[in-house]
Amino acid sequence: MKNKYITLISLITLMVLGSCKKDFLQQNDPDSIAVTNYFRSENDVLLAVNGCYSALRSGNTIGEGSDLWTDQRSDDTGTNDNQSNAGEPFQFNNFSLIPTNSYLYAHWLAMYTVIADCNVVLSNIDKVNFASANTKQQYKAEAEAIRALIYFHLVRQWGDVPLVTTQLTTAAQVTANTFRTPQATVYGQIVSDLKDAVNSPLPATQSTGTIGRLSLAAVNTLLGQVYLTMATTGDQSNKTANLNSALTYLTAAYNLKTFANLKDIPYTDVFDVTKKSTCPELIWQIVNKQGDPIYSSGIAANSQAKGETIDSQKPSSSVGDNVTHDLVNEYETNDARSTFSIKYANDPTVKDWFVTKFRDASSSAGINGYGGNDWILMRYADVILMLSEVNMYLGNNTAAIQYLDMVRARAGMPTYEVSSQTPAYSANFPTLKLAILHERRVELAFEHHRWFDLLRFFTTDELVTYFHAKSQSNFGLALLGNFTTKDRYYPIPFNEYKLNPVKMYQNPGY
């Protein structure tokens, strides 16, 4: 199991995340600069915004190591080790999560650390005089969009969550903000932040010198996904309006692409470390530095199973990132994405499938596995499949199939019309909706989309039925029978619940 860690970067952040004793709050660090005195120049603001980006790298937020909260919660991956230090991580894919799980609490703390960082920027940016109003608006847009992204993750994982949009500087302010806010209000703030960002002077796309920073293509993608999620999981009286908004922003993102056809971009190019700065399919990524002990990527080395060398030169002593047989069986015959993304490890202590999608076996990464893989947050295949999905919900199946076939054509697969006439495909994916979900699964496998896709495609009751219909033999030690309606949301971490059991009420079933 990959190590999960968190770095609390400031006293302000600590105040947001939990209760503290008064005497601790009154202590001063002689080496620190008070936030009130920090923001004096444009560069100070830039460095603070860079800090917001940096916090996204952690596996406890949304970095490459954040699969515990996403893929391992789904039907794609998971650990089969339910003993010793793997006991708590095993709770996620075994659907036996409890409020005292320390990994879950670390995730909660880290996510609110990012929000606190963004709030510090937004609460202090007006103190600085900028030579250009556009520069100020760009920095503000970046902080708002990052805050919106984190709240989007939180509201899908926990439902009602505390909504804090200003810098908190006193214990009394922290106490006053320690309460869960209804999802609709949280989504309203997410939309407000993203609309500010989408109307800002952000660059249209990321380019040389701005790789890893937000663009209008990224913000439109996120806002479209937010509206699509609201349409499928929120107030159904607003479903059509939200779907039309999703279509508007996803189309805007699609129209900002710098390539003609998706099929012209080889699937392997998307994950090639030598092309990560030039591949036109990439919309936004967390940048890693090949060969650097601190800022390199470890996903290739950590994914690799014992006895294998396909991902990394670093020898592995583990099973790597284990793939469920349920996913292995879903790949269609001759789908090249399968042979690139997964492999069967023959080592006697493994004898199972592992992830090969993220590779860096170069001499620059070396035997320490200091890989150069960037962590992809958004890419155009995802946008195209969301456009397929939203058109399907709006009843425009012709357009939905056209978008679906763009992704299938790049993978060398037959069109949906042809495939749907074959017994195996039609039996497994009898509706266009299930065909789109299938395509998202095999196209975006291990990119941390699957759990959120399941929440969007199924109601809670439907999701219970979906999991229970699967074969237990394809999931190892993780018990599918444990999955119930309570697993739609995570439990509120006990340390947060106990601060105010009334206002920080626990989710049902925990």
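Residues numbered from 1 in each chain as written. Predicted model: local features only at pLDDT ≥ 70, side-chain atom pairs only at ≥ 80, totals over all residues. Heavy atoms only, no water.

**Details of the packing of helix 7 (residues 133-158) against helix 9 (residues 183-198)**
When two helices pack together, you describe them by how their axes are tilted relative to each other and by the distance separating the axes.
No. 1: Two elements in contact, helix 7 and helix 9, have axes separated by 8 Å at closest approach and are oriented at 155°. Between helix 7 and helix 9, the angle is such that the two are roughly antiparallel. Every pair of crossing elements has a handedness; the one defined by helix 7 and helix 9 is left-handed. Between helix 7 and helix 9, the contacting residues are Ala-141, Glu-144, Ala-145, Arg-147, Ala-148, Tyr-151, Phe-152, Val-155 and Arg-156 on the first element and Gln-183, Val-186, Tyr-187, Gln-189, Ile-190, Asp-193, Leu-194, Asp-196 and Ala-197 on the second.
No. 2: Among the residues making up the contact of helix 7 with helix 9, the classes are represented as 11 nonpolar, 2 polar and 5 charged. (Axes fitted to C-alpha atoms, helices over the stretch in contact; angles between N-to-C directions. Helix = DSSP H or I, 4+ residues; strand = E, 2+ residues; numbered from the N terminus. Parallel < 35°, antiparallel > 145°, perpendicular 65-115°, else oblique. Left-handed = near helix turned anticlockwise from the far one by under 90°. Contact = heavy atoms within 4.5 Å. Nonpolar A, V, L, I, M, F, W, Y, C, P; charged D, E, K, R; others polar.)

**Observations regarding the state of the cysteines**
No. 1: Taken as a whole, this structure holds 0 disulfides when the rule is applied.
No. 2: Unpaired in terms of disulfides, Cys-52 finds its nearest cysteine sulfur in Cys-118, a separation of 3.8 Å.
No. 3: Residue Cys-52 is classed as buried on the basis of its relative accessible area of 0%. (Disulfide = S-S within 2.5 Å. Buried < 20%, exposed > 50% of the residue type's maximum accessible area, 1.4 Å probe, protein only.)

**Digging into the environment of Phe-271**
No. 1: Among the secondary structure elements, Phe-271 is positioned in the loop between helix 11 (239-255) and strand 1 (282-286).
No. 2: Expressed as a C-alpha distance, the spacing of Phe-271 and Asn-373, which sit 102 residues apart in the sequence, is 7.4 Å.
No. 3: In contact with Phe-271, other than residues within four places in its own chain, are Phe-340, Lys-357, Phe-358, Asn-373, Ile-376, Arg-379 and Glu-447.

**Observations concerning the packing of aromatic side chains**
No. 1: In the structure shown here, the tally under the stated rule is 27 aromatic pairs.
No. 2: Look at Phe-92 and Tyr-490: their rings are 5.9 Å apart centre to centre, the planes differ by 85°, and that puts the pair in the edge-to-face class. Of this pair, Phe-92 sits in helix 5 (residues 87-93) while Tyr-490 is found in the loop between helix 21 (460-468) and helix 22 (494-497), placing the two residues 398 residues apart along the sequence.
No. 3: Residue Tyr-490 is classed as buried on the basis of its relative accessible area, which comes to 1%.
No. 4: On the basis of an interplanar angle of 85° and a centroid distance of 6.2 Å, the ring pair of Tyr-267 and Phe-340 is categorised as edge-to-face. (Phe/Tyr/Trp six-rings, centres within 6.5 Å; stacked < 30°, edge-to-face > 60°.)

**Digging into the side chain of Ser-215**
No. 1: On the secondary structure map, Ser-215 appears in the loop between helix 9 and helix 10 (216-233).
No. 2: For Ser-215, a relative accessible area of 0% gives the class buried.
No. 3: When sequence neighbours within four positions are dropped, the list of residues in contact with Ser-215 reads Leu-202, Pro-203, Ala-204, Thr-205, Gln-206 and Ile-283.

**A closer look at the nonpolar core**
No. 1: Formed by 136 residues in total, the largest nonpolar core has its most connected members in Tyr-151 and Ile-190.
No. 2: Sorting elements by how many residues they give to this core places helix 7 first, with 13 residues.
No. 3: Among all residues touching Tyr-151, those that are not within four sequence positions of it are Tyr-112, Ile-115, Val-161, Pro-162, Leu-163, Val-164, Val-186 and Ile-190. (Core = buried A, V, L, I, M, F, W, Y, C linked by side-chain atoms within 4.5 Å.)

**Re the confidence of the model for the chain**
Keep in mind that low pLDDT regions are not for reading the predicted coordinates in detail.
No. 1: Taken as a whole, the chain shows an average pLDDT of 93; of its residues, 92% reach a score of 70 or greater.
No. 2: Residue range residues 1-27 is modelled with pLDDT below 50. Its contacts to residues more than four positions away, or to other chains, number 58 contacts. (pLDDT = per-residue confidence, 0-100.)

**As for the packing of helix 9 against helix 10**
No. 1: Two elements in contact, helix 9 and helix 10, have axes whose closest approach is 9 Å; the angle formed by their N-to-C orientations is 155°. When the interaxial angle is binned, helix 9 and helix 10 end up roughly antiparallel. The crossing of helix 9 and helix 10 is left-handed. The residues of helix 10 that touch helix 9, namely those facing Tyr-187, Ile-190, Val-191, Leu-194, Lys-195, Ala-197 and Val-198, are Leu-216, Val-219, Asn-220, Leu-222, Leu-223, Val-226, Tyr-227, Thr-229, Met-230 and Thr-233.
No. 2: In terms of residue class, the contact of helix 9 with helix 10 is made up of 13 nonpolar, 3 polar and 1 charged.

**Here we look at the pattern of salt bridges**
No. 1: Counted according to the given criterion, the structure contains 30 salt bridges.
No. 2: Asp-487 is the partner of Arg-73 in a salt bridge, and the nearest nitrogen-oxygen pair spans 3.5 Å. Of this pair, Arg-73 sits in the loop between helix 4 (42-55) and helix 5 while Asp-487 sits in the loop between helix 21 and helix 22; the two residues are 414 residues apart in sequence, bridging distant segments of the chain. One exposure class covers both Arg-73 and Asp-487, and it is buried.
No. 3: A salt bridge links Glu-142 to Arg-213; the nearest nitrogen and oxygen atoms lie 2.9 Å apart. With Glu-142 in helix 7 and Arg-213 in the loop between helix 9 and helix 10, the pair connects residues that are 71 residues apart, well separated along the chain.
No. 4: The structure contains a network of salt bridges with shared partners spanning Glu-281, Glu-332, Asp-335, Arg-337, Lys-357, Arg-379, Arg-408, Arg-410, Glu-439, Glu-443 and Glu-447. (Salt bridge = Lys/Arg side-chain N within 4 Å of Asp/Glu carboxyl O.)

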